[in-house]
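# Results of the structural survey
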Amino acid sequence: MRINPIFSKKSAKITRVIYHLLAWIALWCVVRYYSIPALTRDNLAVIAHASVVVFLQSISVFYLLGYVVFPRFLYTRKIFSLIISLLIIFLLVHLSNYYEIRYLATITNGSEYNPIYIRKLWDFYQARSHWASCFINFDIAYTDYAWSLYYITPLLAIKVMRDIINSRTKNMQLEMERLKLEKTNLNLQTQSLQLQKNNLNLELSFLKSQINPHFLFNTLNAIYTKTVDVDEQAADLVLKLSDLMRYSLYESSKESVLLSSEVGYIENYLDLERARFSDKVTINYQLAGNPEEYIIAPLLLVSFVENAFKHGTAKSKYASYVDLSIILNHNTLYFKIKNNIPQNTRSQNRARDEKVGGFGLSNTSKRLQLLYPDRHKLSVQQTESEFSVDLELILDPAGGSQHLTS
């Protein structure tokens, strides 16, 4: 059965109040019916008045120290503020004792000729006491402590020990919860990366199992040889297609490739699309910087290019455009691509709950989050007539072969 946290807190609060009431009742009985009568051996007025004052002093000092001074200054190690607070409280106790004993001396049964405890105590205070005597006279300080603070010392000690134990227990629980959360997050990230890797390997294995790559490349080379003398443009397209498939089959299994290889794939892809759509599409392409100096995860940028042709040019009945720029500024890649949205598909894209882009863009976004956390900024924008993708990516330098291994 699950316990309601609110009910549990209320129950704990009620229990704490009951314990406090029982403790104060026990203290009142000790002070009123044992300590003060045995100490003063005086009339009922002296005993009653002294008992009430000592009892109120005990309650006040306990809650002031236990719930205000100690939590703010002792547990937070503000030693100077703690010392000042203790001195002020002790001074207030001394002053209240001075005026209390002066009053009790007026109602005591004792006199100059027959002095009993209260009268002796008053003479003692008169002889030694002034406003700062509790700090410079040990006898006065000890008398103030024994009269007012003796009873609550064990209660305060218990309170401080309980607070320290609860604080350490709570800190340990928070630390354990933090470690469990970190372990859970690490396991989730590991599982996510493993799934990503498994999915990629499955896709590559499936693709490779569909057709023998050597047979495919040999066939394409044969076609290239037969067409190069007849139609040089067609032969060039066959060669570019061969390069595309070789990159997809062999380079994609690596963790990282040279950025120049990824750019070469994109350039070949653009040339094939130019030949495919001819005058139907206007392709503007810009490259700035040296892609030989950096590495990137394979097939990371290609999905943006494929998306532009798949959802733009391929669905358009009229002339369309694709604008692509790849700019390198030191180790930062600025990739931007935009394409027009065909008029015949715009009415289908007006639904408010439509997701911008497709599964390819969604998967690429997830790859960026896994492979380049805190190292990329991706912006996907869609208007009535245009779709654009802006990517800012911090790359690693092509400094070692470890980045290019399978």
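This structure is a prediction, so every number in the text was calculated from the model and none was measured.

## Description of the overall build of the chain
Scanning the chain from terminus to terminus reveals 13 helices and eight strands. A sequence separation of at least 24 residues applies to 71% of the contacts in the chain between residues at least 6 apart. Split by element, the accessible area of the chain, about 25500 Å² in all, is 58% carbon and sulfur.

## Details of the sheet that holds strand β1 (residues 257-258)
As a general point, the strands of a sheet are linked pairwise by backbone hydrogen bonds and lie either parallel or antiparallel. Strand order in the open sheet formed by three strands is β1-β3-β8, and the pairing between neighbours is antiparallel. A single partner strand is all that each edge strand has here, and the edge strands are β1 and β8 (396-397).

## Thoughts on the confidence of the model for the chain
Chain-level statistics for the chain give a pLDDT mean of 81 and a share of 80% at 70 or above. Per-residue pLDDT stays below 50 along residues 350-356; that stretch engages in eight contacts with residues further than four places along the chain or on separate chains. Under a pLDDT of 50 for its full length, residues 401-406 has, in the predicted model, 12 contacts with residues more than four places off or in other chains.

## Overview of the pairing of strand β5 (residues 332-340)
Taken together, the eight bridges between strand β4 (residues 320-329) and β5 define a ladder with antiparallel strand orientation. Paired with leucine 324 across the strands is isoleucine 337, a residue of β5. Between β4 and β5, which pair antiparallel one after the other, the connecting turn spans two residues, and histidine 330 there sits at a positive phi close to 60°. Across nine bridges, β5 lies against strand β7 (residues 386-394) in antiparallel orientation. Each residue of the ladder has a partner; that of tyrosine 334, found in β7, is glutamate 392.

## Brief notes about the nonpolar core
Ranked by size, the top nonpolar core spans 38 residues in total, and within it Ile296 and Phe335 carry the most contacts. Broken down by element, this core gets its largest block of residues, seven residues, from helix α10 (residues 259-277). Among the nonpolar cores identified, the runner-up in size contains 37 residues, and Leu27, Val31, Val54 and Leu104 belong to it.

## A word on the packing of helix α3 (residues 79-107) against helix α6 (residues 138-149)
Contact geometry of α3 with α6 gives a least axis separation of 10 Å together with a crossing angle of 80°. In terms of axis orientation, α3 runs roughly perpendicular to α6. Across the interface between the two elements, Phe90, Val93, His94, Asn97 and Leu104 from α3 touch Ile140, Ala141, Asp144, Tyr145, Trp147, Ser148 and Leu149 from α6. Considered class by class, the residues forming the contact of α3 with α6 number eight nonpolar, three polar and one charged.

## Digging into helix α4 (residues 117-128)
Under the 1.5 Å per step criterion, the end-to-end length of α4 is 17 Å for 12 residues, consistent within 8% with the ideal 16 Å. All of the buried residues along α4 are Ile118, Arg119, Leu121, Trp122, Phe124 and Tyr125.

## Quick notes on the packing of aromatic side chains
Considering all chains together, one arrives at 16 aromatic pairs under this definition. Cluster of aromatic residues (ring-pair linked, three or more members): Trp24, Trp28, Phe55, Phe62, Tyr63 and Tyr67. Positioned above the aromatic ring of tyrosine 67 is the side chain of lysine 159, whose terminal nitrogen or guanidinium carbon lies 4.2 Å from the ring centre.

## Examining the pattern of salt bridges
The full count for this structure, using the stated rule, is six salt bridges. Ionic pairing is found between arginine 178 and glutamate 175, a salt bridge with its closest N-O pair at 2.5 Å. With arginine 178 and glutamate 175 both in helix α7 (residues 153-210), this residue pair falls three residues apart, about one helical turn. When its relative accessible area of 35% is taken as the criterion, glutamate 175 is described as partly exposed. Through salt bridges that share partners, Glu175, Arg178 and Glu182 make up one connected network.

## A word on unusual backbone geometry
Most of the time, phi is negative for any residue but glycine, and the peptide bond is trans. Backbone geometry places arginine 41, a non-glycine residue, at a positive phi of 50°. Of note in this structure, aspartate 374 is not a glycine but carries a positive phi near 60°. Assignment of secondary structure puts aspartate 374 in the loop between α13 (359-371) and β6 (376-382).

## Overview of the sheet that holds β7
Taken together, the five strands give an open sheet; going across it, the order is β2-β4-β5-β7-β6, and neighbouring strands pair in mixed fashion. Two strands lie at the open edges of the sheet, namely β2 (281-288) and β6, each paired on one side alone. On average, each strand axis in the sheet is inclined to that of its neighbour by 5°, with strand direction left out of account. Docked against the sheet, α10 engages β2, β4 and β5, running at close to 165° with respect to β2.

## Notes on a nonpolar patch on the surface
A cluster of nonpolar side chains, namely Ile79, Phe80, Ile83, Ile84, Leu87, Ile88, Leu92, Phe135 and Ile136, defines an oily patch on the protein surface of about 900 Å² accessible area. Secondary structure elements with two or more residues in the nonpolar patch: α3 and α5 (133-136). No other element matches α3, which puts seven residues into the nonpolar patch. Locating isoleucine 83 in the fold gives a position in helix α3.

Rules behind the numbers
Position numbers for residues count from 1 along each chain, tracking the sequence in the order it is written. Totals for whole chains, interfaces and linings use all residues, but because this is a predicted model, local features are given only for residues with pLDDT of at least 70 and pairs of side-chain atoms are given and counted only at 80 or more. Computation of side-chain values covers all heavy atoms of the structure but excludes hydrogens and water. We count a stretch as a helix when DSSP gives it H or I for four or more residues in a row; a strand needs E for two or more, and each element gets its number in order from the N terminus. Contacts between residues were defined by any pair of non-hydrogen atoms, one from each residue, lying within 4.5 Å. For every accessible area listed, the method is Shrake-Rupley and the probe measures 1.4 Å; residues are considered covered only by the protein chains on display. When DSSP locates at least two bridges between a pair of strands, those strands are taken to pair. Scored from 0 to 100, pLDDT reflects the predictor's confidence in each residue. Only buried residues count toward a nonpolar core, which is a set of Ala, Val, Leu, Ile, Met, Phe, Trp, Tyr and Cys residues joined through side-chain atoms within 4.5 Å. For every residue, the accessible area (1.4 Å probe, protein chains only) is compared with the maximum for its type, and the residue is labelled buried under 20%, exposed over 50%, or partly exposed between those bounds. Lines fitted to C-alpha atoms define the axes, with helix axes restricted to the stretch in contact, and inter-axis angles between N-to-C directions lie between 0 and 180 degrees. An angle below 35 degrees is read as roughly parallel, one above 145 as roughly antiparallel, one from 65 to 115 as roughly perpendicular, and any other as oblique. Lys, Arg, Asp and Glu make up the charged group, whereas Ala, Val, Leu, Ile, Met, Phe, Trp, Tyr, Cys and Pro make up the nonpolar group; the residues left over, Gly among them, are polar. Given a helix with a known number of residues, its expected span is that number minus one, times 1.5 Å. Each Phe, Tyr or Trp ring, with Trp reduced to its six-membered ring, pairs with another whose centre is within 6.5 Å; inter-plane angles below 30 degrees give stacked pairs, above 60 give edge-to-face pairs, and intermediate values give tilted ones. Either the NZ atom of lysine or the CZ atom of arginine qualifies as a charge over a ring when it sits within 6 Å of the ring centre and within 35 degrees of the ring normal. We define a salt bridge as a side-chain nitrogen of Lys or Arg found within 4 Å of a carboxyl oxygen belonging to Asp or Glu. Exposure above 30% relative accessible area and the absence of a salt bridge qualify a residue for a patch, where like charges join within 9 Å and nonpolar side chains (Val, Leu, Ile, Met, Phe, Trp, Tyr) within 5 Å.

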